[in-house]
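What follows is each chain in one-letter form.
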2 protein chains.
Amino acid sequence: MSLGKKSPFSPQAKRVFKGVIFDVWQWKQKMFDGSMETFERIKRPDTVQVIAVVKDKILLEKQKQPAKKGTFLSLPGGRCDKKENPLKAAQREMLEETGYASKDWTLWKKFQLTSTIGWTFFVFIARGCVYKQAPRLDAGEKITTTLIDFEKFLALSDNPSFHGKELAGFLMQARFNPRLKKKLAQSLFHTK
Amino acid sequence: MSLGKKSPFSPQAKRVFKGVIFDVWQWKQKMFDGSMETFERIKRPDTVQVIAVVKDKILLEKQKQPAKKGTFLSLPGGRCDKKENPLKAAQREMLEETGYASKDWTLWKKFQLTSTIGWTFFVFIARGCVYKQAPRLDAGEKITTTLIDFEKFLALSDNPSFHGKELAGFLMQARFNPRLKKKLAQSLFHTK
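Residues numbered from 1 in each chain as written. Chains lettered and ligands numbered in written order. Predicted model: local features only at pLDDT ≥ 70, side-chain atom pairs only at ≥ 80, totals over all residues. Heavy atoms only, no water.

(A) Summary view of the relation of the copies chain B and chain A. Rotating chain B by 180° and translating it 0.0 Å along the rotation axis places it on chain A, where the RMSD comes to 0.0 Å. Such a combination of turn and shift is consistent with a two-fold rotation axis. For chain B, the minimum C-alpha distance to the rotation axis belongs to Gly169(B) and amounts to 2.1 Å. Counting the interface residues of chain B, we find that 100% of their copies in chain A are interface residues as well, pointing to one common contact surface. (Least-squares fit on C-alpha atoms with pLDDT ≥ 70 in both. Contact = heavy atoms within 4.5 Å.)

(B) Expanded view of the packing of helix α3 (residues 165–176) of chain A against helix α3 (residues 165–176) of chain B. At their nearest, the axes of α3(A) and α3(B) sit 9 Å apart, and the two run at 5° to each other. On the basis of their axis angle, the class for α3(A) and α3(B) is roughly parallel. Here Gly169(A), Met172(A), Gln173(A) and Phe176(A) of α3(A) come into contact with α3(B), specifically with Gly169(B), Met172(B), Gln173(B) and Phe176(B). Split into classes, the residues belonging to the contact of α3(A) with α3(B) amount to four nonpolar, four polar and no charged. (Axes fitted to C-alpha atoms, helices over the stretch in contact; angles between N-to-C directions. Helix = DSSP H or I, 4+ residues; strand = E, 2+ residues; numbered from the N terminus. Parallel < 35°, antiparallel > 145°, perpendicular 65-115°, else oblique. Nonpolar A, V, L, I, M, F, W, Y, C, P; charged D, E, K, R; others polar.)

(C) Highlighting the sheet that holds strand β10 (residues 117–118) of chain B. All names here are of chain B. Spatial ordering of the open sheet is given by β1-β2-β3-β10, a layout of four strands whose pairing is mixed. For this open sheet the edge positions go to β1 (14–18) and β10, each flanked by a neighbour on one side alone. In this structure, strand β3 (residues 36–43) lies alongside β10, joined through two bridges in parallel fashion. The partner of isoleucine 42 across the bridge, within β10, is isoleucine 117. (Pairing = 2+ DSSP bridges.)

(D) Spatial organisation of the pattern of salt bridges. Tallying each qualifying case throughout the model produces 18 salt bridges over all chains. It is possible to trace a salt-bridge network through shared partners that takes in Asp81(A), Glu84(A), Arg92(A), Glu93(A) and Glu96(A). (Salt bridge = Lys/Arg side-chain N within 4 Å of Asp/Glu carboxyl O.)

(E) Region of the structure containing the packing of aromatic side chains. All names here are of chain A. Under the criterion given, the structure shown has 19 aromatic pairs over all chains. Ring geometry for tryptophan 105 versus phenylalanine 124: centroids 6.2 Å apart, planes at 75°, classification edge-to-face. With a gap of 19 residues between them, tryptophan 105 in strand β9 (residues 104–112) and phenylalanine 124 in strand β11 (residues 120–127) connect regions that are remote in the sequence. Taken as a pair, tryptophan 105 and phenylalanine 124 share a single burial class, namely buried. Aromatic side chains phenylalanine 111 and phenylalanine 170 sit 5.1 Å apart centroid to centroid with 55° between the ring planes, which places their arrangement in the tilted category. (Phe/Tyr/Trp six-rings, centres within 6.5 Å; stacked < 30°, edge-to-face > 60°. Buried < 20%, exposed > 50% of the residue type's maximum accessible area, 1.4 Å probe, protein only.)

(F) Inspection of the interface of chain B and chain A at higher detail. Opposite the 45 residues of chain B that make contact, chain A presents 45 residues. Interface area, chain B with chain A, both sides summed: about 3600 Å², of which 71% is carbon and sulfur. Interface area lost by chain B to chain A is led by Phe22(B), Phe32(B) and Glu40(B), which between them contribute 19%. Our count for the chain B to chain A interface comes out at zero salt bridges. If you look at where chain B meets chain A, you find eight residue pairs in polar contact (both at pLDDT 80 or more). Contributions of two or more residues to the side of chain B that touches chain A are made by β1, β2 (23–30), β3 and α3 of chain B. (Buried area = accessible area lost by both parts, 1.4 Å probe. Polar contact = N/O pair within 3.5 Å; in protein donor to acceptor, adjacent residues only side chain to side chain.)

(G) Molecular detail of the side chain of Glu141(A). Along the chain, the position of Glu141(A) falls in the loop between β12 (130–131) and β13 (142–148). A distance of 3.0 Å separates a polar atom in the side chain of Glu141(A) from the backbone nitrogen of Asp138(A). Ignoring anything within four residues of it in the chain, the contact list for Glu141(A) reads Gln63(A), Lys64(A), Glu93(A), Glu97(A) and Phe32(B).

(H) Region of interest: helix α1 (residues 86–98) of chain A. Residue and element names in this part refer to chain A. Taking 1.5 Å of rise per residue, 13 residues should cover 18 Å, and α1 covers 18 Å from first to last C-alpha, within 8% of that figure. Buried within α1 are the following residues: Ala89, Ala90, Arg92, Glu93, Met94, Glu97 and Thr98. Here α1 starts with a cap whose side-chain oxygen sits 2.8 Å from the backbone nitrogen of leucine 87, and that cap is asparagine 85. The first or second residue beyond α1 is glycine 99, which carries a positive phi of 80°. (Expected span 1.5 Å × (residues − 1).)

What follows is the structure in structure tokens.
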């Protein structure tokens, strides 16, 4: 069963399931002994996240979502729409969720969580954010925002309420490695 | 379309696709404004990884796999078989891939990469590993092993050839946080 579309994996891969978020792809792969096995991978929309700088603080979201218990902390961000450029998606999500906008964007990190799932994370730094308009939340979002300082931001790296564990390793590096900490502070605040 | 089986997500969730590795589950979720949306999650077999201690060294694998270019580094480990206990899976994978066995096992970390995919990682420490038998590799595995010291082990945390980026954040913590580094060294080598 092939549902067409160009494969993000092996050229032979076929999409065998198309979901709301997740698509499943399969192909026959030759093993080292010549035997064949079915390999399977997942593809899903990419994720954008924003480290939004407001003067000397960073914008943090407190969020509730259907099907998740309690309140969690997160950065502004979300899924890229179909064929949406990651930077555009980051700008759209930040404006929708927080009402803030910026004219000074940099890609900080681009990474995949794991090799078996086609899913890229783009983490942007948005400097000089200003409040533009009231947030426009989806029916599946309840979001308020708060401003935290750099030390509190780095401390999110092992805060169980922080819903950004994909990022936590990078924050942890910056928290404990003085060279990386200084470099990130410079990227965020243009300090020397 | 429901394919039965108990849901690992919402009690209303139904399995709508059953793959070789990945299953897809969906349910109708009430939004904050009362509207309904289809939520979707992935379930896959859990993963085990082993920090295998051989005297004062750690066992590292050099591996080739079909559909992956080049050689990569990894810890012993793999997927849990259906209903297989994670500790049993870890013991089985280490013996199959490396020929080493241990009688001294501890669970070091248990974590999920992300909330939208039902996939748990179990990372075990196996102390006092001894070589028991020749490895028994699958048709999809080419593995050799080498022994590295603790500092080289921690340095895997930002080695692009290391295929264990799920773990890299924890190794990074131990590498840069002296308290965590000492604690991990004690767990591995029983040093005071």
